[in-house]
Amino acid sequence: MAEARKKIQLKNYINGSFRDPSSGNYLNNYNPAIGELYALTPDSNEDDVNLAVKAAEMAFPLWSKMPIESRSRIMTRIADLIEQNLDILASAETDDTGKPLSLSNEVDIPRSAANFRFFANAISLFSSESHAMNDAVNYTLRKPIGVVACISPWNLPLYLFTWKIAPALAAGNCVVAKPSEVTPRTAFLLSKICDEAGLPHGVLNIVHGLGTTVGKAMVEHPNVKAISFTGGTETGRTIAAAAAPMFKKVSLELGGKNPNIIFADADLDKAIDTSVLSSFRNQGQICLCGSRIYVQRPVYERFKTEFMAKSYMLKVGDPRDPSTNIGSVVSEAHMKKILEHIEIAKKEGGEILLGGNQLKLKGRCEHGWFIHPTIIEGLPIDCRTNQEEIFGPVVTIQPFETEEEVMALANGTNYGLSASIWTNDIKRATRMADEIDAGIVWINTWMKRDLRTPFGGMKQSGLGREGGLEALRFFTEPKNVCIQY
Ligand code: NAD
């Protein structure tokens, strides 16, 4: 029955036209909440990438020289159209990812519109430096780079795709972009929106397909001058190695293994409620999720008991049901990977306090890929469970005694993306924020975002920063001009 249903067929968007992949082949795209094949994604190759880069090169003189107000107006129109199509986009995002529709409606799609609106405004305020000397003056031009590549992952599909594309376009570049092959649907809908908004042909080209073919071809193309990538650390390493000999600019937003630290003097109710979110929101598939929870000994038992009780109350269910808190994970393969990690945790001596298994739902989602929120206790810092990114609804919890001890635990992985610290001692909060290995530190909150702030990680969580001026600087080439009086 299900197989007989007509599949949605996505197309590439190259030079303003909707095209089949040159191979004529398509990849299967599943709705993970119902475990059903529902769309076909172009299985593009190097030929499609070459066409897209050529289109972007041809569009570059027009777009880069267009008055900023005109560029900005088109981008604002794209933001408006994303908002006007909120229901369609949110529904597509949920079908593609398995995330609750409420999350797509309230976070993913509004933020995608906000990304375009923010950079449409930011570019009109973007200024460059001037350095006066006694007998000369320097001024710095910030020129668009040319054709740039934007490659994004599956966890926040349109949100992260637009987070890269918007600053690249605002700065005057032309873009060849690739969404994750696991969740390509909203990127396809975005191409229709860009067309409707009157984005000149070739300014944004969206090529669908695998990372190892399309992504690789984008990274290696000699006329692609910069690469903005968000995804796993190993993929980031491959991209960095390919880009380095060509001296391409790279911005790499990679994995995380973020600590969530709760001191005994914290507002515990708030810390517990927010920890439920920071552990399990989007099924724990957010790079910023706090996957290692450290709680100071005097409040450990209370925190643990209430955290477990509130996590137990989360409703895992049909993403289209408004009462659902946790939807399905993104794919069967990813579910298996998460379950394997849970088995590893058990072998390492971890005690499963909650969850730890696949959840079989009834009705519409009986074939979907769901996992219970999982809490694991009793593991040391140097085990795989506490070192490797699991990227699912799985957290470890552990007591600590002193600030020094928890600082060593927090900094005890190769990652350095984000950290949350819960305390009412402002001196301790700022001291820890200063010393912790993380590009983003939240004190008494989690995932509070201001699009003007630098966003990114240190150590193996990435290279460079996105957000606000950082993104506009990445997507421009500074050129200093010195005039002798
Ligand atoms: P992934 O690295 O497998 O894929 C990301 C993108 O890269 C996809 O579009 C993929 O097709 C492409 N790709 C794969 N191989 C490539 C290659 N050789 N050359 C060029 N492109 C290639 O990551 P994923 O599984 O889609 O996403 C999950 C990961 O993303 C997690 O590690 C998560 O922490 C990370 N992430 C990081 C951030 C951040 O801001 N730091 C945000 C979201 C997700």
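The structure displayed is predicted, hence computed values, not measured ones. (Residues numbered from 1 in each chain as written. Predicted model: local features only at pLDDT ≥ 70, side-chain atom pairs only at ≥ 80, totals over all residues. Heavy atoms only, no water.)

With respect to the pattern of salt bridges
Side-chain pairs of opposite charge can arise whenever the charged atoms involved come near each other. Tallied over the entire structure, the rule returns 25 salt bridges. Between glutamate 83 and arginine 117 there is a salt bridge whose closest N-O contact spans 2.8 Å. You can see glutamate 83 sitting in helix 2 (residues 68-84) and its partner arginine 117 sitting in helix 4 (residues 101-125), a full 34 residues away along the chain. Here arginine 117 falls in the partly exposed class, since its relative accessible area comes to 24%. Residue arginine 142 is joined to glutamate 129 by a salt bridge in which the shortest nitrogen-to-oxygen separation is 3.3 Å. (Salt bridge = Lys/Arg side-chain N within 4 Å of Asp/Glu carboxyl O. Helix = DSSP H or I, 4+ residues; strand = E, 2+ residues; numbered from the N terminus. Buried < 20%, exposed > 50% of the residue type's maximum accessible area, 1.4 Å probe, protein only.)

Things to note about the environment of asparagine 260
Residue placement: asparagine 260 occurs in strand 13 (residues 258-262). With a relative accessible area of 1%, asparagine 260 lands in the buried category. Separated by 159 residues in the primary sequence, asparagine 260 and alanine 419 place their C-alpha atoms 5.9 Å from one another. Among all residues touching asparagine 260, those that are not within four sequence positions of it are Ser275, Ser278, Gly290, Arg292, Ile293, Tyr294, Ser420 and Trp422. (Contact = heavy atoms within 4.5 Å.)

A look at the sheet that holds strand 19 (residues 394-400)
By definition, the strands of a sheet pair up through backbone hydrogen bonds, in either a parallel or an antiparallel sense. In space, the 7 strands of this open sheet follow the order 15-18-19-14-13-21-22, with mixed pairing throughout. Looking at strand neighbours, the two that pair on one side only are strand 15 (351-354) and strand 22 (440-443), the edges of this open sheet. Neighbour-to-neighbour, the strand axes of this sheet turn through a mean angle of 25 degrees, independent of strand direction. The pairing of strand 18 (residues 374-377) with strand 19 spans 4 bridges and is parallel. Bridging across to strand 19, isoleucine 375 finds its partner in valine 395. Sheet contacts for helix 9 (residues 268-280): strand 13, strand 14 (290-296), strand 18, strand 19 and strand 21 (418-422); angle to strand 13, the most-contacted strand, approximately 165 degrees. Each of strand 13, strand 14, strand 15, strand 18 and strand 19 touches helix 10 (residues 297-312); the most contacted strand, strand 14, lies at about 140 degrees to it. (Pairing = 2+ DSSP bridges. Axes fitted to C-alpha atoms, helices over the stretch in contact; angles between N-to-C directions.)

Observations regarding helix 3 (residues 86-97)
Counting along an α-helix, one turn takes 3.6 residues, and residues three or four places apart therefore face a common direction. In this model helix 3 runs 16 Å from its N-terminal to its C-terminal C-alpha over 12 residues, within 8% of the 16 Å that 1.5 Å per residue would give. Looking at the packing, one finds that the buried side of helix 3 touches strand 4 (26-31), strand 5 (36-42), helix 2, helix 4, helix 5 (157-170) and helix 6 (185-197). Within two residues after helix 3, glycine 98 carries a phi angle of roughly 85 degrees, on the positive side. (Expected span 1.5 Å × (residues − 1).)

Here we look at the domain arrangement of the chain
By domain assignment, the chain separates into domain 1 (2-254 + 461-484) and domain 2 (259-450). Distance from the C-alpha centre of domain 1 to the C-alpha centre of domain 2: 30 Å. Contact residues are listed per partner, giving 29 residues for domain 1 and 30 residues for domain 2. In total, domain 1 and domain 2 occlude about 2300 Å² of area from one another, counting both sides; carbon and sulfur atoms represent 56% of this. When the buried area of domain 1 at its contact with domain 2 is split by residue, Ile34, Trp154 and Ser461 rank highest and sum to 23% of it. There are 1 salt bridge connecting domain 1 and domain 2. Residues aspartate 95 and arginine 320 are paired through a salt bridge, measuring 3.0 Å at the closest nitrogen-oxygen approach. Among the secondary structure elements, those contributing two or more residues to the side of domain 1 that touches domain 2 are helix 3, helix 4 and helix 5. Of the residues assigned to the side of domain 1 that touches domain 2, the class counts are 14 nonpolar, 10 polar and 5 charged. (Domains from an automatic or database assignment. Buried area = accessible area lost by both parts, 1.4 Å probe. Nonpolar A, V, L, I, M, F, W, Y, C, P; charged D, E, K, R; others polar.)

Side note on the sheet that holds strand 6 (residues 130-132)
Read across the sheet, 3 strands follow the order 6-7-25 without closing on themselves; strand pairing throughout is antiparallel. The strands lining the two open edges of the sheet, one partner per strand, are strand 6 and strand 25 (476-484). Averaged over all pairs of adjacent strands, the angle between their axes in this sheet comes to 15 degrees, without regard to strand direction. Pairing of strand 6 with strand 7 (residues 136-144), which is carried by 3 bridges, proceeds in the antiparallel orientation. Each residue of the ladder has a partner; that of histidine 131, found in strand 7, is asparagine 138.

Observations concerning the packing of aromatic side chains
Summed over all chains, the structure comprises 10 aromatic pairs. Judged by centre distance (5.1 Å) and plane angle (35 degrees), the ring pair of tyrosine 13 and phenylalanine 18 falls under tilted. We classify tyrosine 13 as buried; its relative accessible area is 1%. By relative accessible area, which is 31% here, phenylalanine 18 ends up partly exposed. Look at phenylalanine 18 and phenylalanine 188: their rings are 6.3 Å apart centre to centre, the planes differ by 85 degrees, and that puts the pair in the edge-to-face class. Pair noted here: phenylalanine 18 is in strand 3 (residues 17-19) and phenylalanine 188 is in helix 6, with a separation of 170 residues, a long-range link. Taken together through their ring pairs, the aromatic side chains of Tyr13, Phe18 and Phe188 make up a single cluster. Between the NZ or CZ atom of arginine 111 and the centre of the ring of tryptophan 163, over which it lies, the distance is 4.5 Å. The cationic tip of lysine 249 hangs over the ring face of phenylalanine 474; the distance from NZ or CZ to the ring centre is 5.4 Å. (Phe/Tyr/Trp six-rings, centres within 6.5 Å; stacked < 30°, edge-to-face > 60°. Lys NZ or Arg CZ within 6 Å of the ring centre and 35° of its normal.)

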